[in-house]
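# Survey of secondary and tertiary structure
Listed here are the chains, written in short residue letters.
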Amino acid sequence: MKFTVVILGAPYSSAASYSAYRFCRALLEQGHQLARLFFYADGVHNGSALTCPPQDELDLQQAWRQLITKHQLDAVVCIAAALRRGVLDAAERDRYAKPADNLACEFNLSGLGQLIEACATCDRTVTFGA
Amino acid sequence: MKFTVVILGAPYSSAASYSAYRFCRALLEQGHQLARLFFYADGVHNGSALTCPPQDELDLQQAWRQLITKHQLDAVVCIAAALRRGVLDAAERDRYAKPADNLACEFNLSGLGQLIEACATCDRTVTFGA
Amino acid sequence: MSTLHTVNKSPFSNNSLESCLQLCSEQDCILLIEDGAYGAVAHSPCAGSLQQASARGIGIYVLQSDAQARGLQDLLDNIEPTDYQGFVQLSCQHQCIQSWY
Amino acid sequence: MSTLHTVNKSPFSNNSLESCLQLCSEQDCILLIEDGAYGAVAHSPCAGSLQQASARGIGIYVLQSDAQARGLQDLLDNIEPTDYQGFVQLSCQHQCIQSWY
Amino acid sequence: MSAIVCISRHSPYGSSLARDALDAVLAAAAFEQDIALLLMDEGVWQAYRHQQASAIEQKELGKNLSALAVFGVEKVYVHERSLTRRGLDRDSLSLNNVQLLNDEATRALLAQARQVLSF
Amino acid sequence: MSAIVCISRHSPYGSSLARDALDAVLAAAAFEQDIALLLMDEGVWQAYRHQQASAIEQKELGKNLSALAVFGVEKVYVHERSLTRRGLDRDSLSLNNVQLLNDEATRALLAQARQVLSF
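Residues numbered from 1 in each chain as written. Chains lettered and ligands numbered in written order. Predicted model: local features only at pLDDT ≥ 70, side-chain atom pairs only at ≥ 80, totals over all residues. Heavy atoms only, no water.

## Notes on the environment of Ser16 of chain C
- Relative to the helices and strands, Ser16 of chain C is located in helix α1 (residues 16-23).
- When the C-alpha positions of Ser16 of chain C and Trp100 of chain C are compared, they lie 5.8 Å apart, and in sequence the two are 84 residues distant.
- Apart from residues lying up to four places away in sequence, Ser16 of chain C is in contact with Val7, Lys9, Trp100 and Tyr101 of chain C together with Arg9 of chain F.
- There is a polar contact of 3.4 Å between the side chain of Ser16 of chain C and the backbone oxygen of Tyr101 of chain C. (Helix = DSSP H or I, 4+ residues; strand = E, 2+ residues; numbered from the N terminus. Contact = heavy atoms within 4.5 Å. Polar contact = N/O pair within 3.5 Å; in protein donor to acceptor, adjacent residues only side chain to side chain.)

## A closer look at the pairing of strand β1 (residues 3-7) of chain D
All names here are of chain D.
- Summarising burial for β1: five of the five residues are buried, a large majority.
- Taking every second residue as pointing to the same face, both faces of β1 are buried, with Thr3, His5 and Val7 on one and Leu4 and Thr6 on the other.
- For β1 and strand β5 (residues 96-100), the ladder comprises five bridges, and the chain directions are parallel. The residue bridging Val7 from the neighbouring strand is Trp100, located in β5.
- Pairing of β1 with strand β2 (residues 29-32), which is carried by four bridges, proceeds in the parallel orientation. By the bridge assignment for β2, His5 is matched with Ile30.
- Handedness of the β-α-β unit built from β1, helix α1 (residues 16-23) and β2 comes out right-handed. (Buried < 20%, exposed > 50% of the residue type's maximum accessible area, 1.4 Å probe, protein only. Pairing = 2+ DSSP bridges. Right-handed = clockwise from strand over helix to strand, strands pointing away.)

## Looking at the relation of the copies chain A and chain B
- Note on the identical chains: chain A maps onto chain B by a rotation of 180° and an axial translation of 0.0 Å, with an RMSD of 0.0 Å. Accordingly, the operation relating the two chain copies is best matched by a two-fold axis. Minimal C-alpha distance to the rotation axis in chain A is attained by Ala100 of chain A, lying at 3.1 Å.
- Residue by residue, 100% of the interface of chain A is reproduced at the interface of chain B, so both copies engage with the same surface. (Least-squares fit on C-alpha atoms with pLDDT ≥ 70 in both.)

## Some thoughts on the interface of chain A and chain F
- With nine residues of chain A at the interface, the matching set in chain F holds ten residues.
- When chain A packs against chain F, the two sides together hide about 720 Å² of surface, and 43% of this comes from carbon and sulfur.
- Looking only at chain A, the three residues that lose the most surface to chain F are Tyr12, Tyr18 and Leu58 of chain A, adding up to 51% of its buried area.
- Counting the contacts that link chain A with chain F gives three salt bridges.
- Here Glu57 of chain F and Arg22 of chain A are joined by a salt bridge, their closest N and O atoms 3.8 Å apart.
- Summed over the shared surface of chain A and chain F, the result is two residue pairs in polar contact (both at pLDDT 80 or more).
- For the side of chain A that touches chain F, the class distribution of residues is four nonpolar, two polar and three charged. (Buried area = accessible area lost by both parts, 1.4 Å probe. Salt bridge = Lys/Arg side-chain N within 4 Å of Asp/Glu carboxyl O. Nonpolar A, V, L, I, M, F, W, Y, C, P; charged D, E, K, R; others polar.)

## So, the sheet that holds strand β5 (residues 124-128) of chain B
- Taken in spatial order, the five strands line up as β4-β3-β2-β1-β5 (chain B) in an open sheet, and their pairing is parallel. Looking along the sheet, the strands with just one partner apiece sit at the ends: β4 (108-110) and β5 of chain B. The mean inter-strand angle of the sheet, taken between neighbouring strand axes irrespective of direction, is 25°.
- Pairing of strand β1 (residues 2-7) of chain B with strand β2 (residues 33-39) of chain B involves six bridges; the strand directions are parallel. By the bridge assignment, Thr4 of chain B is partnered in β2 of chain B with Arg36 of chain B.
- Helix α4 (residues 84-93) of chain C contacts β1 and β5 of chain B of the sheet and is inclined by roughly 130° relative to β5 of chain B. (Axes fitted to C-alpha atoms, helices over the stretch in contact; angles between N-to-C directions.)

These figures capture arrangement, not role.
Following this line, the structure appears as C-alpha cells:
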C-alpha cells in the first residue's frame, strides 16, 4: 500500500516524532510504499540541521535523515509552518535576508499542496499529533 | 518587586510566549523589576533569529528582542534545552561543528543555575507553560 | 502565605482546572488565562466548583483579552475580568504563583 | 468503510479517549499509543466504555512498547498488545486513520 | 460524501492547530479536491460568534472559516454533541451554512471518507 | 518546609516536562537550595515501578528520580489523591523515601513555599 505520513510534533518535545519514525520503519519493512513524509506545525523542527542531542540519547533527527536517504523518501517540510518557526533553506534565508539557514539537506521546503496531492493519490494517510 | 519569568512555550505554537510577553510589559510598566527571563523547554525557540512570520502578523520574537533591549533585560535561554532543539550560539556551533548558529544576540545561552539563582533571589517567580 | 493559581487549559478537554480547584486554599486566587478562559462560561464543567470556591472567599478572575478574543461574553457570576496590569497586581498580592497547564 | 482510531493522550488528564469512544463504529478499531497507553490500566476513567466497545466487537489495542516504557503491566481484559508491525497492519485493514491527540 | 475529511478538534488560539487545519482545507480546495471540514470537541469554539482576536494581537479565525465558501469549500460540519456540551447551539455560531451532525451522521461521514486529516 | 517547591504534573515520556522538572530540581540541589519536588496528577506516573524506557529508546526517568537522594534532594512528595485516582499506592512506586501528602498537607506545602516552579 501507498502511505502518506504527517508529523506534527518536534523531536524531544513530544512523542509524535518517535512514533512516526517507528511506524515508517515498520511499514517500509513490510514492503509498503511511503509516498511522502509531510512535516507540519511543530513537526518542522524535525528538519533542523542544528540539533545537538546528548551523546547517550537517541538522535531522532539523525535517524530520520538516515531513513530518508536509505529509502530515498520524499520528505517535505511545510514552508509556511517552517518560516514561522525559523526553519529555513538557503533560498528562504536569502529571500528574507536572514543570517543563516538550518534545514538539513534530506528535507525540502514546500507548500500544503504537497500534503493534499499525496493524500489524494495514496491509499492511507496517518497523522502523528503532538 | 523583583520578578523571574519562566517561558516554556514557543511563539505561534502555543499562547504561552505571548502571555508572558504581555505580563512582562505590564510588570515593567508598573515599575517592578524583571530580574531574569528564563526560556526553557520549547520556550528556547523564542531566541531564534531565523523566524519569518507573515508581515501582517505580530512578530513576537521581534517584540521580545525590543523589550529586552529597551529595558536591558537579562534573557537566558537554557543551554541544554536549546542544544536538543537546534538553537545555538556561535560558541556551541563551533563546539558541535554545526554549519550555522541561530540565537538572536539579545539572548544568552546558559545553564539551569541561572534559573535557580534568579528564583532564590527574587520576590516572585511566574511560569508560562505551553 | 497564599498562592495565585493560573490555569491556561479548557476544562472541556483537560483536568487542570479541576485539579487546581481541589488544591486551592481559602486565601488563594485563581486566574483563568488563554484557553483557561473557557472555564468561565456558564456551561463550564467546573461551574459548580468555581461557584463553591468563590463562596469560600477564593477570588476567581479571567483575563479579559483572552475571553474577548474567544468571543466569551456571558460568564459565570462571581468571575471578575481583569487585564495584564491586574495579573501583575495579583502576582504581587500572593507569595507563590502556581501555573496549571 | 471502517476507521482505525489512535489515541495518544492519557484519559486521566484529557478527554480524547472519551470522545473517540463516543464516535467509534462497530467495524472500527482503537489503538492506544504514547500516553494513550495509560487508558489501558485497570483504573482507567474509560474502563467501562472500553469494555462496552470491546463487547460491541470494536478491537482495542495498546502499543506494547509504549505500555512497557511506562511500566504498565496489569492491563484491562480484552485489550490486545501489539507492536509497530501490528500498527501498520491495522492501518492497512482500515480505510481511514483518525488520530485523537 | 467527501474524499478527504479534515477533523479539527482544537480551540482557535491555544495552539496553531486550528489554523493549520484551515490552511490544509483551503489547500485542498485550491487543488480541487472534494474536502469536508468537521469541527468537533474544542474545535467547535472556532466557529463561535463574537471572536475579537485583535485583543490578543492575532487574526480572526472565525472570519477565515466564513470565507471557506468563497474558496469553494461547501461542506463544513459541526459535531452537535460537542456543541451542546458547551452550552452552544446553531445560533451561537458565526457561520451560516454550517450543518450540525449528530453522532450517527458523524460516524457516517467518517465511514464514507477515503482519507482523514486529523487536527 | 522548603524555600522552592517544584510541582511536576506531567507524565514521564509524553513530553519533555517531567525531565525538565527533574533537571531543575537537580540544579537547585547543586546550588544548595532548599528544594522539594511534588509529583501530582499525571506526574505520579514518573515514580511508577517497572518502567522500561529502553522500549522506546529513552533513558529511564524513574532511575533519575531514585538518584535524587544521592544529590541531596531529601524532600520528594507524592500527592496521594492523584495516586489513588490512578489505582496506585505506595507499593506501586519505585521510590522508597517518598512521602505521600493528602490534600491538606499539599496545601500546607504550598502555603509555606517561598517560590514555586511549575512543570
